[in-house]
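# Inside the fold
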Amino acid sequence: MNYATIKSYDVANGPGVRVSLFVSGCTHHCKGCFNAETWDFNYGQPFTPEVEQQIIDYLKPWYIRGFSLLGGEPFEPANQAALLGLMRRIKKECPEKTVWCYTGYDYEKDILAGQLGDWDITRELLSHIDVLVDGEFHQEEKDLSLRFKGSRNQRIIDVKASAIADEVVLWDANNEAEN
Ligand code: SF4
């Protein structure tokens, strides 16, 4: 897997100050994509063990609320295995940090339906995610006033609450301190 960018101080992609990773590779090709250079799976730099360690180190300070995973497309089958290794480390070494993930795929139709490669990998990857922002970017529904998402069709899903309820539960900004 390649990655495009790492931000060590990101306040735009989830609550609080976060570390964010923008992976390379995306097959959605949304019109008006903010990050079209990352569609190419070969864009950017190789995601090496040293890069993974750098992310863990960036996550350690007390003022970092969590980790945000963006792209590109984290749930592309070609990206999932490398990200699973990182997610396991984050949950083990930084368990107090929350994980947000942005995907162009649909939570139920694509991810839960097991349409994205090896289901065992997808399932475990999902288990490490606290909040999932799902859906392709729709330029005609773009709204700059939206918080943490680009177009109105996208949803901010509380993954843990959804698993317990067995239906989609949207993230509640009133519980922001938990995420
Ligand atoms: S899913 Fe995201 S990165 Fe991929 S084309 Fe759509 S907006 Fe761009």
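Scroll up to find the structure this text is about.
Summary of the structure given here. Small disclaimer: the values here were computed from a predicted structure and weren't measured.

### Describing the side chain of Q154
With respect to the helices and strands, the residue Q154 is situated in the loop between β6 (131–134) and β7 (155–158). Of note is the side chain of Q154, whose polar atom sits 3.0 Å from the backbone nitrogen of S151. Sequence-distant contacts of Q154, that is, excluding residues within four places in its chain, are made with D134, G135, E136, F137 and K149.

### Focus: the environment of P49
Position of P49 relative to the elements: it lies in helix α1 (residues 49–59). Given the relative accessible area of 62%, P49 is considered exposed. Taking the C-alpha atoms as reference points, P49 and G85, separated by 36 residues in sequence, lie 9.8 Å from one another.

### Comments concerning the site of the ligand
Lining the immediate environment of the ligand, one finds C26, H28, H29, C30, C33, W39, G72, G104 and F137. Most atoms of the ligand, that is more than half of them, are within 2 Å of grid points of the largest pocket. Across the shell around the ligand, the residue classes tally to 5 nonpolar, 4 polar and no charged.

### Structural notes on the packing of α1 against helix α2 (residues 77–93)
It is the contact of α1 with α2, at a shortest axis distance of 11 Å, that shows an interaxial angle of 30°. One way to sum up the angle between α1 and α2 is to call them roughly parallel. Viewed along their axes, α1 and α2 form a crossing whose handedness is right-handed. Between α1, through E52, Q53, I55, I56 and L59, and α2, the contact on the second element is made entirely by G85, L86, R89, I90 and E93.

### Things to note about the layout of surface pockets
Estimates place the volume of the largest pocket at around 770 Å³. What lines the largest pocket is a set of 38 residues, among which F34, Y102, F137, G150 and Q154 lie closest to the centre. For the lining of the largest pocket, a count of residues per class yields 17 nonpolar, 14 polar and 7 charged.

### Topic: the sheet that holds strand β5 (residues 98–102)
Spatial ordering of the open sheet is given by β3-β1-β2-β4-β5-β6-β7, a layout of 7 strands whose pairing is mixed. With partners counted over all chains shown, the strands left at the sheet margins are β3 (45–46) and β7, one partner each. The sheet contacts of α2 involve β2 (17–23), β4 (64–70) and β5, and relative to β4 the element is tilted by about 175°.

Rules used in this analysis
- Residues numbered from 1 in each chain as written.
- Predicted model: local features only at pLDDT ≥ 70, side-chain atom pairs only at ≥ 80, totals over all residues.
- Heavy atoms only, no water.
- Helix = DSSP H or I, 4+ residues; strand = E, 2+ residues; numbered from the N terminus.
- Polar contact = N/O pair within 3.5 Å; in protein donor to acceptor, adjacent residues only side chain to side chain.
- Contact = heavy atoms within 4.5 Å.
- Buried < 20%, exposed > 50% of the residue type's maximum accessible area, 1.4 Å probe, protein only.
- Near = heavy atom within 4 Å.
- 1 Å grid on protein atoms, 1.4 Å probe; cavity = no way out; pocket = protein on both sides within 12 Å on 5 of 7 lines; lining within 4 Å.
- Sits in = over half its atoms within 2 Å of the grid points.
- Nonpolar A, V, L, I, M, F, W, Y, C, P; charged D, E, K, R; others polar.
- Axes fitted to C-alpha atoms, helices over the stretch in contact; angles between N-to-C directions.
- Parallel < 35°, antiparallel > 145°, perpendicular 65-115°, else oblique.
- Left-handed = near helix turned anticlockwise from the far one by under 90°.
- Points joined across faces, edges and corners; volume = space filled by probe spheres on them.
- Pairing = 2+ DSSP bridges.

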